[in-house]
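# Inside the fold
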Amino acid sequence: MPDIHDPALFLAHACALEQDAASRFADLSEAMKTYGNQDVADFFGKMAEFSRLHLAEARKRSGFREIPALAPEDFQWPDGESPEAASMEGSHYMMTVEYALELALDSEKRGQAFYADVAKTTTDPEVRMMAEEFASEEAEHVAELECWIERFPKRA
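Residues numbered from 1 in each chain as written. Predicted model: local features only at pLDDT ≥ 70, side-chain atom pairs only at ≥ 80, totals over all residues. Heavy atoms only, no water.

### Description of the packing of helix H1 (residues 7–34) against helix H3 (residues 97–121)
Put simply, the rule reads: All axes are obtained by fitting lines to C-alpha atoms, using only the stretch in contact for helices, and the reported angles, taken between N-to-C directions, cover 0 to 180 degrees. Numbering of helices and strands runs from the N terminus, with a helix taken as a DSSP run of H or I at least four residues long and a strand as a DSSP run of E at least two residues long. Note that the term roughly parallel is reserved for angles under 35 degrees, roughly antiparallel for angles over 145, roughly perpendicular for angles of 65 to 115, and oblique for everything else. The contact definition used throughout considers only heavy atoms, calling two residues in contact when any of these lie within 4.5 Å. Asp, Glu, Lys and Arg are counted as charged, while Ala, Val, Leu, Ile, Met, Phe, Trp, Tyr, Cys and Pro are counted as nonpolar; the rest, among them Gly, fall into the polar class.
The contact between H1 and H3 brings their axes to 11 Å, and the two run at 175 degrees. Taken as axis vectors, H1 and H3 run roughly antiparallel relative to one another. Between H1 and H3, the contacting residues are Phe10, His13, Ala14, Leu17, Glu18, Ala21, Arg24, Phe25, Leu28 and Met32 on the first element and Val97, Ala100, Leu103, Ala104, Ser107, Glu108, Gly111, Phe114, Tyr115 and Val118 on the second. Broken down by class, the residue content of the contact of H1 with H3 amounts to 14 nonpolar, 3 polar and 3 charged.

### Some words on the environment of alanine 135
Within the secondary structure, alanine 135 sits in helix H4 (residues 125–151). Considering only alpha carbons, one finds alanine 135 and glutamate 30, 105 residues apart in sequence, at a separation of 27 Å. Contact partners of alanine 135, with chain neighbours within four places excluded, come to Gln112, Tyr115 and Ala116.

### Points about the environment of alanine 85
If you trace the backbone, alanine 85 turns up in the loop between helix H2 (38–62) and H3. For the pair alanine 85 and methionine 32, spaced 53 residues apart in the sequence, the C-alpha separation amounts to 18 Å. Those residues in contact with alanine 85, other than ones at most four positions away along the chain, are Asp20 and Arg110.

### Quick word on the pattern of salt bridges
Here is the rule: By definition, a salt bridge exists where a carboxyl oxygen of Asp or Glu is found within 4 Å of a side-chain nitrogen of Lys or Arg. Here's how the labels work: a residue is buried when its accessible area is under 20% of the maximum for its type, exposed when over 50%, partly exposed in between, all with a 1.4 Å probe on protein chains only.
One pass over the full model with this rule turns up 9 salt bridges. Glutamate 30 is paired through a salt bridge with lysine 33; the nearest N and O atoms lie 3.0 Å apart. Note that glutamate 30 and lysine 33 are positioned in helix H1 at a spacing of 3 residues, about one turn of the helix. Looking at glutamate 30, the relative accessible area reads 44%, which means it is partly exposed. In this structure lysine 33 comes out as partly exposed when scored by relative accessible area, which is 40%.

### Considerations on the side chain of arginine 24
Put simply, the test is: Two N or O atoms form a polar contact when they lie within 3.5 Å of each other; inside protein one atom must be a possible hydrogen donor and the other a possible acceptor, and for residues adjacent in sequence the pair counts only when both atoms belong to side chains.
The topology assignment puts arginine 24 in helix H1. When its relative accessible area of 2% is taken as the criterion, arginine 24 is described as buried. Among the polar contacts listed, one links the side chain of arginine 24 to the side chain of glutamate 108, at a separation of 3.0 Å.

### Topic: the side chain of glutamate 138
Going by this rule: In this tally, Lys and Arg are treated as positive and Asp and Glu as negative; His is ignored, and so are the chain termini.
Examined against the element boundaries, glutamate 138 turns out to sit in helix H4. In this structure glutamate 138 is buried but unpaired, with arginine 24 as the nearest side chain of opposite charge at 6.4 Å. Once residues within four sequence positions are removed from consideration, glutamate 138 is found in contact with Leu17, Glu18, His54, Glu84, Glu108, Gly111, Gln112 and Tyr115.

### What about the packing of aromatic side chains?
Going by this rule: Here the aromatic set is Phe, Tyr and Trp, taking the six-membered ring for Trp, and pairing holds for ring centres within 6.5 Å; pairs whose planes are under 30 degrees apart are stacked, those over 60 apart are edge-to-face, and all others are tilted. By the criterion adopted, a ring carries a charge over it if an Arg CZ or a Lys NZ lies within 6 Å of its centre and within 35 degrees of its normal.
The final tally for this structure, using the stated rule, is 9 aromatic pairs. Geometrically, the ring pair formed by phenylalanine 43 and tryptophan 148 is stacked, given 4.4 Å between the ring centres and 25 degrees between the ring planes. On the criterion of sequence distance, the pair formed by phenylalanine 43 in helix H2 and tryptophan 148 in helix H4 is long-range, its members being 105 residues apart. Here phenylalanine 43 and tryptophan 148 have matching classes, each one buried. Three or more aromatic residues joined by ring pairs form one cluster here, namely Phe10, Phe75, Trp77, Phe114, Tyr115 and Phe134. One residue, arginine 24, lies across the ring of phenylalanine 25, its end atom 4.0 Å from the ring centre.

### Overview of H1
Note the following rule: A helix's residues, less one, multiplied by 1.5 Å, set its expected span.
For H1, built from 28 residues, the straight-helix expectation of 40 Å at 1.5 Å per residue is met to within 8% by its first-to-last C-alpha distance of 40 Å. Across the 28 residues of H1, 20 count as buried, placing the element largely inside the fold. Measuring from the side-chain oxygen of the N-cap residue of H1 to the backbone nitrogen of alanine 8 gives 3.2 Å; that N-cap residue is aspartate 6. Once H1 finishes, glycine 36 follows within two positions and takes phi at roughly 80 degrees, a positive value.

Shown next as structure tokens:
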């Protein structure tokens, strides 16, 4: 459970998480282009752009604060790594659209849970407000991915 009670520390986490999400979506977009699925590549490209916008928003919110440069071991990630740093181990020439969407959904759910946990556990009202907003944005990503998953049902 994260123990984040300082806005600058929260924003350091948010910036890292959103950067990871943008990178992951860009990687998935490129993979889908390689595998010949332009529609899903375009979708992941849009998701990467949304993550870059969230990253810009997190940086903008830092305002006058100095955001700490954290070493990897200083981040308070639930499983020791950024919730949205999805593994690309399964990325290969046989990657299916279904697998790519499930990979992205899993990451977005972990990102949403991270922000929701921060909102529940922080004692700082500013951190709570920002974490709730970021959790809500991640919930929108989850819903969007779930819609796409319905378009591409798993094969038997």
